[in-house]
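If you want the building blocks of each chain, they are given just below.
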Amino acid sequence: MYVKPFANIDEAHITLQDRRLNLSNVFVIDSDYKPLNPVHPARARLLLTQGNAAVYRRYPFTIVLKRVVDQPEVQPLRLKLDPGSKTTGIALVNDTNGKVVFAAELEHRGHAIKDSLDSRRGVRRRRRNRKTRYRKPRFQNRRRKKGWLPPSLESRLANILTWVARLCRSAPITALSQELVKFDLQLMENPDITGVEYQQGTLQGYEVREYVLEKWKRTCAYCGKQDVPLQIEHIHPRANGGTHRISNLTLACEPCNIAKGTQDIAVFLAKKPDVLKRILAQVKKPLKDASAVNATRFALLERLKAFGLPVECGSGGLTKYNRTTRGLAKTHWLDATCVGKSTPSAISHKGVVPLLLTANGHGRRQMCVPDKYGFPEKHKQRRKTFLGYRTGDMVKAITSKGTFEGRIAIRHRPSFRLGKVDIHPKYMHCIHRADGYEYTQKGVRNAPPHV
């Protein structure tokens, strides 16, 4: 029988520390890369020790058999998703026996993308004001394609779809479930809203300034002065990501407005806790997270259908009902377990340790790194790899000074940074390539594998 070579696959050395870990199931594929039934970590350890399998991927931990399995008997699994603005719950469930095979919580980086875009926009506008201030504006000539989403929302979809594709390659998944929740933003602002009021916006019959004047009683929110010229003030400063939303606007006299500047309101009113409490009580809660979920729910559904698997949709109320009736705790991955009507009557999740995934991106393409004043400070090499490694690769180095394991930062000379030490690449062995995510297991960053 022909067996594919495994020279490029990391052969694991199983240590006593690895054996003491509380373990979840291990994914298994054959030498044709077809997914098989996940196995218990003890079974995976035995296969690795006997040389019948090799480590294929560290996160999520996957082994590959050194043979082809003809007509494997696999149990179909269902991948369940609980999409969120900041964190998405992922669960792999066997509908037949209710066993949770795998669980994860995916933390998105939409806020980081928004901050980076704001910073880049500020640099670009300052440069244009200096050099091309008389150029005609061109932003009105641009057209967005149908279905366009902001980069911060697009990254959330990309993260979820990336992990759906990875898990479909590692496990016999035959169906998908998604929580298709919709937040009623007007009802969240006004619980008593009914009837035709849904068709009337917040500013029905008002101009913005007149509405703010009436809302804040024509009084400075910070010092309480009346009958003085008042200015529109952003509670959360625009310089720090604040918006023009009505709930972020208040009134302030000129001295208070100048004194506050771009400070956070909690810092500005640190010595006036009563005033801070009064203002925050009158300000409505931001709805950014709810808006993000509303904007991406149908786009995610359409992209999940492209996998060719049946997709089940469930409401948020049904998820809460399933979780409550089964006596489960409120976590993202347990919420994902309870998505949809296909949820088994009994959920078995004993021993399941969720894998915490944090999206960090794949670096940036900016060659010149400026300081906080905009002056060039560093210049990067155009090559992202050197001697077969790239920044973010997880390696294991055995040297005369000891054994080191972690992520590296490459330099374009044979001396890479690994933690707090510099190590030559000849002592390194790559155990997990940089893929844009950071992994946490049981509260330990970049924990060792599950065998």
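Scroll up to find the structure.
Small disclaimer: the values here were computed from a predicted structure and weren't measured.

1. Structural notes on the pairing of strand 16 (residues 394-399)
Here is step 1: Two elements, strand 16 and strand 17 (residues 402-409), share six bridges in a ladder whose sense is antiparallel. Counted as the bridge partner of Val395 is Gly406 from strand 17.
Here is step 2: Where strand 16 folds back on strand 17, the antiparallel hairpin that results is connected by two residues.
Here is step 3: Here strand 16 pairs with strand 20 (residues 428-432) via four bridges, running antiparallel. Within strand 20, the position partnered with Met394 by the bridge is His432.

2. As for the sheet that holds strand 19 (residues 421-423)
Here is step 1: On the basis of which strands lie adjacent, the open sheet formed by five strands has the order 19-18-17-16-20 and antiparallel pairing. Unpaired on one side and paired on the other, strand 19 and strand 20 mark the two borders of the sheet. Sheet twist, expressed as the average angle between the axes of neighbouring strands with direction ignored, equals 45 degrees.
Here is step 2: With two bridges connecting them, strand 17 and strand 18 (residues 416-418) associate as antiparallel partners. Residue Ala409 lies in a different strand from strand 18, and its bridge partner there is Arg417.

3. Quick notes on the layout of surface pockets
In this approach the atoms are scanned with a rolling probe the size of a water molecule, which exposes any empty space left behind.
Here is step 1: In this structure, the second largest pocket encloses a volume near 900 Å³.
Here is step 2: As for the second largest pocket, its lining consists of 19 residues, and the residues nearest its centre are Ser116, Arg120, Arg364, Arg365 and Gln366.
Here is step 3: Every element with two or more residues in the lining of the second largest pocket is listed here: helix 3 (110-131) and strand 12 (368-370).
Here is step 4: With nine residues, the top contributor of residues to the lining of the second largest pocket is helix 3.
Here is step 5: Its residues placed into classes, the lining of the second largest pocket shows six nonpolar, five polar and eight charged.

What counts as what
Residues numbered from 1 in each chain as written. Predicted model: local features only at pLDDT ≥ 70, side-chain atom pairs only at ≥ 80, totals over all residues. Heavy atoms only, no water. Pairing = 2+ DSSP bridges. Helix = DSSP H or I, 4+ residues; strand = E, 2+ residues; numbered from the N terminus. Axes fitted to C-alpha atoms, helices over the stretch in contact; angles between N-to-C directions. 1 Å grid on protein atoms, 1.4 Å probe; cavity = no way out; pocket = protein on both sides within 12 Å on 5 of 7 lines; lining within 4 Å. Points joined across faces, edges and corners; volume = space filled by probe spheres on them. Nonpolar A, V, L, I, M, F, W, Y, C, P; charged D, E, K, R; others polar.

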